[in-house]
There are 2 protein chains.
Amino acid sequence: MEPTERRRPAADVLVIGAGVIGLAIAWRCRQRGLSVTVVDPAPGSGASRTAAGMLAPVTELHYGEQSLLALNLASAARYPSFAAELQEVTGRSIGYRRSGTVVAAWDAADLAALRDLAGFAATLGQPVQTLTGRELRALVPGIAPGLPGGLLAPEDHQVDNRRLHGALLAAVAGSGAALIDAPVARIDLAGDRVNGVTLADGTALAAGTVVLAAGAHSGRIAGLPEGARPRVHPVKGQTVRLRMAVETMPPLILRGTVKGAPVYLVPRDPDGPASGDGAAPARPGVGPARGGRSGTAELVIGASSEEAGFDCTPRAGAVYELLRDAQSLLPAVSEAELVEVSTGLRPGSPDNAPLIGRTGIDGLVVATGHYRNGVLLTPITGDGVAALLADGDLPPALDAFQPERRAPQEVR
Amino acid sequence: MEPTERRRPAADVLVIGAGVIGLAIAWRCRQRGLSVTVVDPAPGSGASRTAAGMLAPVTELHYGEQSLLALNLASAARYPSFAAELQEVTGRSIGYRRSGTVVAAWDAADLAALRDLAGFAATLGQPVQTLTGRELRALVPGIAPGLPGGLLAPEDHQVDNRRLHGALLAAVAGSGAALIDAPVARIDLAGDRVNGVTLADGTALAAGTVVLAAGAHSGRIAGLPEGARPRVHPVKGQTVRLRMAVETMPPLILRGTVKGAPVYLVPRDPDGPASGDGAAPARPGVGPARGGRSGTAELVIGASSEEAGFDCTPRAGAVYELLRDAQSLLPAVSEAELVEVSTGLRPGSPDNAPLIGRTGIDGLVVATGHYRNGVLLTPITGDGVAALLADGDLPPALDAFQPERRAPQEVR
């Protein structure tokens, strides 16, 4: 970085973090006419890369998190137009696929628990369909024999998170925002106000607003008073990417809880442009027709959940457990090619809900704590923070997720 | 490749294959004053890389393979001076470690089978020590509880096969041999005599003798009459490399057969110069003292054995099974970092013994078919082929392994 950087004019918005959240914010802010700088030492190397890309408001539903469900549903509803707009702007598909999700029950007790969840979802207006064993095998022909049933969440879809990140990066680069691949050393305060950041090489970047969107690392960046750091903690997750014959892939997302351990299998489209993009959804629960296709496609298996600080080394035991459980649900996994093991850090928050909005420090906005739902919440977070910065107010849908909410458990 | 290559003078010896076997032959031939060219499109990318480096004449012993045992023992006996000479010539350690090997019994039936093997080995003059469960746990403190016993093969050691390959490459390069990183398109015949090879780019390389040492690929190189191709077939093997805390590593090689599936765990020395090199062996069965060390070291887990043609993709099921079985023997494997999955092709022969020596075609020597013992047999193969080419005769120890032996089963 040359000293001339020090004379870079102040940006309206400086975003720390070029994962999907930071980039969506940057892109939407540029569309509102704000000048934007994004800083990240390794864009897209974190949770945005490790994620599987499930858009799963219903099958990620937990009792007591109704307020989060509403946010998740609102963001899921934006995905068709979000995907179409990104494709129009960048010429790239993000692999948005309206396939639906099947949850397989491992045993009778698990089936009973799934039926309870289905009932809970129905009271929230989210119809899911319970499945007999026969119906389950009809939807996923390669599934392990003998499973007693399950449920179908016809509106839990997927996006290819790596394509999403690539498209957002292209959209941001094409929007006139500045992208700086460098570590932030600290957030700078002038009195009580944040007025920019200093990079690790000493370069100071001035900004009207700093948006802290550094995922699990958001609480570690120096410069803020202790109490002002976002209350996020890393939750290590591992995913495994396989390649397998298309005819052995599950035709839709397959989830299950094998002897107490949750696992999911997310089938990508075969190579080439993703089908199911844009405005013409395939039939939920069936996925695009593929009978005539040959070749291979990617299957993403996830995810471990470990409290291990900022350690990102892949753990042999987690890989073993993911392969074991995936293979228990779908025996063809055993014959698949192992392509990649990936490890990332989810930004966990005290109540598992995101922290989005202004803070007690003037000039500092945060957008982090998305935990298991970062990819899903990308559209609404980008839109919401851009509205905040351009119009002065967060949209009502985000009201409950302000970072300095006093009693986090109240938003559950 | 420039046309000037076509005017390269004929080498005395042209070796096809820069794995450990081909390189050892090349090095020893140069030491005998022969001019040498080695051709390989990707030196050290095959079985030499995937191997675990066990030097295990006793724990790889199979009933009926006594003749192979003698060869394996003879090559194992050369390792101390071979390692010392490579270190002197190149300044590199090859990680030769005289640790001994423990075989853990999974259950009472397995223990009985191990005792039979111990008796068989004793009749062949190879004393192995049977172990009680208590003795087993004393030798490998981190071993799974409840195993009934096992045996100790105090003379089954290890080398770091990747360091071995690197040192041989350096020795060959320093010896004045020519190394050409290119694929061989065919072996050239003039009448009934091999007189060189042609590379994929059309370059012809002349040679007095061609040594075919291309491992599992040795039967696939064009130019030879059908009946003259070495009878080798690929046996796919996978290994997994982990990194773990030194204090959780087994202090010596740990093998076992978990519910019928063989698995081995080969602990490398912590980073830095390997101990146990050269002339001063550590106490067998105990390994170098490490109580005071900290840090991490590599553990190699192997190996699957699959008939899958020339497919080299890592199979998820094989990785799963290796991790499962390794973890069953040594629970700390679960916490280790997964560093690498590697896949290679063993050169299997009709009788599991190598094919070394002249063929029915003048000017063609083969050195392949080493199957599970390529690293172990590297010293004796290099010495033997160099003797053949410099003196005209194979040493007696290799007599039984000539490639055109009529009834392969007779050498078992």
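Model, not experiment: these values are computed from the prediction.

This part is about the nonpolar core. Grouped together as the largest cluster of nonpolar side chains are 66 residues, with contacts concentrated most on Leu 242 and Ile 301 of chain A together with Leu 242 and Ile 301 of chain B. In terms of nonpolar packing, the next biggest core, distinct from the first, is built from 48 residues, Leu 55, Leu 168, Ile 380 and Leu 388 of chain A among them.

Quick look at the interface of chain B and chain A now. Taken together, the contact between chain B and chain A spans 18 residues of the former and 18 residues of the latter. Of all residues in chain B, Ala 316, Tyr 320 and Leu 338 of chain B bury the most surface against chain A, accounting for 36% of the area lost on that side. Taken together, the connections running from chain B to chain A amount to 2 salt bridges. Ionic pairing is found between Arg 315 of chain B and Glu 335 of chain A, a salt bridge with its closest N-O pair at 3.5 Å. Inspection of the chain B/chain A interface yields 9 residue pairs in polar contact (both at pLDDT 80 or more). Mapped by element, the contributors of at least two residues to the side of chain B that touches chain A are helix H7 (316–329) and strand E16 (337–348) of chain B. Examining the composition of the side of chain B that touches chain A, we find that 7 residues originate from one element, H7 of chain B, more than from any other. The residue makeup of the side of chain B that touches chain A, split by class, is 10 nonpolar, 4 polar and 4 charged.

A few words now on the pairing of strand E15 (residues 296–302) of chain B. Two faces belong to every sheet, and in a regular strand the side chains alternate between them. Residues and elements named next belong to chain B. Buried residues dominate E15, accounting for 6 of its 7 residues. Pairing of strand E12 (residues 233–245) with E15, which is carried by 7 bridges, proceeds in the antiparallel orientation. Along E15, the bridge assignment pairs Leu 242 with Leu 299. Examined bridge by bridge, strand E14 (residues 261–267) and E15 share 4 bridges and lie antiparallel to one another. Its bridge partner lying in E15, Val 266 is registered against Val 300.

What follows deals with the relation of the copies chain B and chain A. Overlay of chain B on chain A (RMSD 0.0 Å): rotation 180°, translation along the axis 0.0 Å. Seen this way, the second copy is the image of the first under a two-fold rotation axis. No C-alpha of chain B approaches the rotation axis more nearly than that of Tyr 320 of chain B, which lies at 2.7 Å.

In this model, Gly 302 of chain A is joined to Ala 303 of chain A through a cis peptide bond whose omega is -15°. Inspection of the secondary structure assignment puts Ala 303 of chain A in the loop between strand E15 (296–302) and helix H7 (316–329).

On to the side chain of Thr 37 of chain A, then. Residue and element names in this part refer to chain A. Residue placement: Thr 37 occurs in strand E2 (residues 36–39). Since its relative accessible area comes to 5%, Thr 37 is described here as buried. Beyond its immediate chain neighbours, meaning those up to four positions away, Thr 37 contacts Ala 11, Val 13, Leu 14, Val 15, Ala 178 and Ile 180.

Our focus in this paragraph is the sheet that holds E15 of chain A. All names here are of chain A. Judged by pairing direction, the sheet is mixed, and its 8 strands sit side by side in the order E5-E6-E4-E13-E14-E15-E12-E16 without closing on themselves. Edge positions in the sheet fall to strand E5 (129–132) and strand E16 (337–348), since each of these pairs with one other strand and no more. Taking each pair of neighbouring strands and ignoring which way they run, the sheet shows an average axis angle of 25°. When strand E4 (residues 101–105) meets strand E13 (residues 253–258), the two strands line up parallel, connected through 4 bridges. What sits directly across from Ala 104, in E13, is Gly 256. Across the sheet, H7 is in contact with E4, strand E12 (233–245), E13, strand E14 (261–267), E15 and E16; its angle to E12 comes to roughly 50°.

All names here are of chain A. Along its 14 residues, helix H8 (residues 378–391) runs 19 Å from first to last C-alpha, staying within 8% of the 20 Å computed at 1.5 Å per residue. With 11 of its 14 residues buried, H8 lies for the most part within the structure. Those residues of H8 that fall on the buried side of the exposure criterion are Thr 378, Pro 379, Ile 380, Thr 381, Gly 382, Gly 384, Val 385, Ala 386, Ala 387, Leu 388 and Leu 389. Phi turns positive one or two residues past the end of H8, at Gly 392, with a value near 100°.

All names here are of chain B. A complete count under the given rule lists 42 salt bridges over all chains for this structure. Here Arg 193 ties to Asp 362 by a salt bridge, and the two come within 3.6 Å at their closest N and O atoms. Of this pair, Arg 193 sits in strand E10 (residues 193–199) while Asp 362 sits in the loop between strand E17 (355–358) and strand E18 (364–368); the two residues are 169 residues apart in sequence, bridging distant segments of the chain.

On to the environment of Val 36 of chain B, then. All names here are of chain B. Its location among the elements puts Val 36 in strand E2 (residues 36–39). Residues Val 36 and Lys 236, spaced 200 residues apart in sequence, show a C-alpha to C-alpha distance of 30 Å. Contact partners of Val 36, with chain neighbours within four places excluded, come to Ala 11, Val 13, Val 15, Ala 26, Cys 29, Arg 30, Ala 177 and Ala 178.

With that settled, the discussion passes to the environment of Leu 394 of chain B. Residues and elements named next belong to chain B. Relative to the elements of secondary structure, Leu 394 occurs in the segment after helix H8 (378–391). Sequence separation between Leu 394 and Ala 76 is 318 residues; the distance between their C-alpha atoms is 18 Å. Those residues within four positions of Leu 394 in sequence are excluded, and the remaining contacts are Ile 356, Gly 357, Gly 384, Leu 388 and Gln 402.

Residue and element names in this part refer to chain A. For chain A, per-residue confidence averages 91 on the pLDDT scale, and 91% of positions sit at 70 or higher. Segment residues 1–7 is flagged for pLDDT under 50; beyond a separation of four residues in sequence, or across chains, it makes 10 contacts in the model. Across the predicted assembly, pTM comes out at 0.87 and ipTM at 0.83.

Conventions and cut-offs
- Residues numbered from 1 in each chain as written.
- Chains lettered and ligands numbered in written order.
- Predicted model: local features only at pLDDT ≥ 70, side-chain atom pairs only at ≥ 80, totals over all residues.
- Heavy atoms only, no water.
- Core = buried A, V, L, I, M, F, W, Y, C linked by side-chain atoms within 4.5 Å.
- Buried < 20%, exposed > 50% of the residue type's maximum accessible area, 1.4 Å probe, protein only.
- Contact = heavy atoms within 4.5 Å.
- Buried area = accessible area lost by both parts, 1.4 Å probe.
- Salt bridge = Lys/Arg side-chain N within 4 Å of Asp/Glu carboxyl O.
- Polar contact = N/O pair within 3.5 Å; in protein donor to acceptor, adjacent residues only side chain to side chain.
- Helix = DSSP H or I, 4+ residues; strand = E, 2+ residues; numbered from the N terminus.
- Nonpolar A, V, L, I, M, F, W, Y, C, P; charged D, E, K, R; others polar.
- Pairing = 2+ DSSP bridges.
- Least-squares fit on C-alpha atoms with pLDDT ≥ 70 in both.
- Axes fitted to C-alpha atoms, helices over the stretch in contact; angles between N-to-C directions.
- Expected span 1.5 Å × (residues − 1).
- pLDDT = per-residue confidence, 0-100.

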